[in-house]
Amino acid sequence: KHQRLELLRNGTEAQDLAWDQTYDYDSPVAHRLDPPVALHPGDEIRTTCTFNRPSSGQPVCYGDGTSDEMCFGFLTYFPLQPMLQPWCTSRRSLISCERTLPQLWDRPIANCSWRSFIRPPSAEALRIIGKVLGACYANERLVCSDACRKVLGEVRQHPCFVGDIGYYVVNKIGSREEGVPFAKAWFTCNCDRKFDYCERKTEHGLLGEDQDTLCAVAGSSTGAATQTCLAGRLVALSLVLCTVVVRPTLLS
């Protein structure tokens, strides 16, 4: 519906670079800035989009596809300069540049040292995942028992599972097939929270659809067979996540 690109200097708007008040995806407008706009160190460029949502059907979620709520502004600049990453996107309050530029890799986000936590997975991350699987699954079946809910409540206090960075961490764990059981437990058995459609939508389907049913079921059962199975899951998860060292784009 609308798309606006703004130049911000010292945290306040300096000028509009483009403002299409009637945006047409099929006929995008190219704006020539004459004279060119000079960018200073510390300047920011912000892209804001306003969407028309369909009145029926499935919700539309943020993403890169033409059927998603994508919002990108493309700019040309001179003189040519070497750039480690010539693009930057945001999802919720998280900005991709803060996770991918080398000089920012080790900077915690909301007290979570996310990179060392999941890239590769730390012993702490694997311990937390294993604890959730052990409490929430019986014979490979998800059970939202009191024990499961208690463990998830404890995990939610960890800085890497709080707020937007927590959403990012859970999403990245659940993006791998071996991590789906953890993500399913997270979106289903956090019984005091209702996750929206876009939070629960993953590459492996919509998770948490049976939250109301499973949260109403009490009881807990674990056994040696369950623990053996979960140990196998943890090994597989560890191997998959460790491949991130070789293919870092999987968790970028």
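Residues numbered from 1 in each chain as written. Predicted model: local features only at pLDDT ≥ 70, side-chain atom pairs only at ≥ 80, totals over all residues. Heavy atoms only, no water.

(A) Geometry of the packing of helix H3 (residues 123–136) against helix H6 (residues 180–189). Remark: H3 packs on H6, axes separated minimally by 10 Å, with the N-to-C direction vectors making an angle of 65 degrees. As far as their axial angle goes, H6 and H3 are roughly perpendicular. Remark: the crossing between H3 and H6 carries left-handed chirality. Contacts between H3 and H6 involve Ile129, Val132, Leu133 and Cys136 from the former and Pro181, Phe182 and Ala185 from the latter. Partitioning the contact of H3 with H6 into residue classes produces seven nonpolar, no polar and no charged. (Axes fitted to C-alpha atoms, helices over the stretch in contact; angles between N-to-C directions. Helix = DSSP H or I, 4+ residues; strand = E, 2+ residues; numbered from the N terminus. Parallel < 35°, antiparallel > 145°, perpendicular 65-115°, else oblique. Left-handed = near helix turned anticlockwise from the far one by under 90°. Contact = heavy atoms within 4.5 Å. Nonpolar A, V, L, I, M, F, W, Y, C, P; charged D, E, K, R; others polar.)

(B) Molecular detail of a nonpolar patch on the surface. On the surface, a cluster of nonpolar side chains totalling about 270 Å² of accessible area is made up of Leu39, Ile45 and Leu75. Structurally, the position occupied by Leu39 is in the loop between strand S2 (12–20) and strand S3 (44–50). (Patch = residues over 30% accessible without salt bridge, like charges linked within 9 Å, V, L, I, M, F, W, Y side chains within 5 Å. Areas by Shrake-Rupley, 256 points an atom, 1.4 Å probe, with all protein chains shown as cover. Salt bridge = Lys/Arg side-chain N within 4 Å of Asp/Glu carboxyl O.)

(C) Here's a closer look at unusual backbone geometry. The omega torsion across Asp34 and Pro35 is 10 degrees, close enough to zero to call that bond cis. Geometrically, the link from Phe78 to Pro79 is a cis peptide bond, its omega value of -5 degrees lying close to zero. Its place among the elements puts Pro79 in the loop between S3 and strand S4 (90–91). Even without a glycine there, the phi angle at Asn111 is positive, about 70 degrees. With respect to the helices and strands, Asn111 occurs in the loop between helix H1 (97–100) and helix H2 (114–118). We classify Asn111 as exposed; its relative accessible area is 70%. Phi at Asn139 takes a positive value of approximately 55 degrees, unusual for a residue other than glycine. Judged by its relative accessible area of 59%, Asn139 is exposed. (Buried < 20%, exposed > 50% of the residue type's maximum accessible area, 1.4 Å probe, protein only.)

(D) Structural view of the side chain of Gln3. Assignment of secondary structure puts Gln3 in strand S1 (residues 2–9). Reaching out from Gln3, the side chain makes a polar contact with the backbone oxygen of Phe72 at a distance of 2.8 Å. The residues contacting Gln3, other than those within four sequence positions of it, are Ala18, Trp19, Asp20, Tyr23, Thr47, Thr48, Cys49, Cys71, Phe72 and Gly73. (Polar contact = N/O pair within 3.5 Å; in protein donor to acceptor, adjacent residues only side chain to side chain.)

(E) Summary view of the confidence of the model for the protein. The predicted model of the protein has a mean per-residue pLDDT of 79, with 84% of residues at 70 or higher. In the model, residues 218–252 has pLDDT below 50 throughout and makes 52 contacts with residues more than four positions away in sequence or in other chains. (pLDDT = per-residue confidence, 0-100.)

(F) Fine view of the nonpolar core. With 38 residues, the main nonpolar core has Cys136, Phe161, Phe182 and Trp186 as its most contacted residues. Elements with a minimum of two residues in this core: H2, H3, helix H4 (146–155), helix H5 (163–174), H6 and helix H8 (211–215). (Core = buried A, V, L, I, M, F, W, Y, C linked by side-chain atoms within 4.5 Å.)

(G) Local environment of the pattern of salt bridges. Here the structure, examined in full by the defined rule, presents nine salt bridges. One salt bridge connects Arg4 with Glu13, and the closest N-O pair in it is separated by 3.3 Å. For Glu13, a relative accessible area of 42% puts it in the partly exposed group. We note a salt bridge from Asp16 to Arg4, for which the minimum N-O separation is 2.9 Å. With a gap of 12 residues between them, Asp16 in strand S2 and Arg4 in strand S1 connect regions that are remote in the sequence. Classification of Asp16 by relative accessible area gives partly exposed; the value is 29%. The network of salt bridges with common partners includes Arg4, Glu6, Glu13, Asp16 and Arg46.

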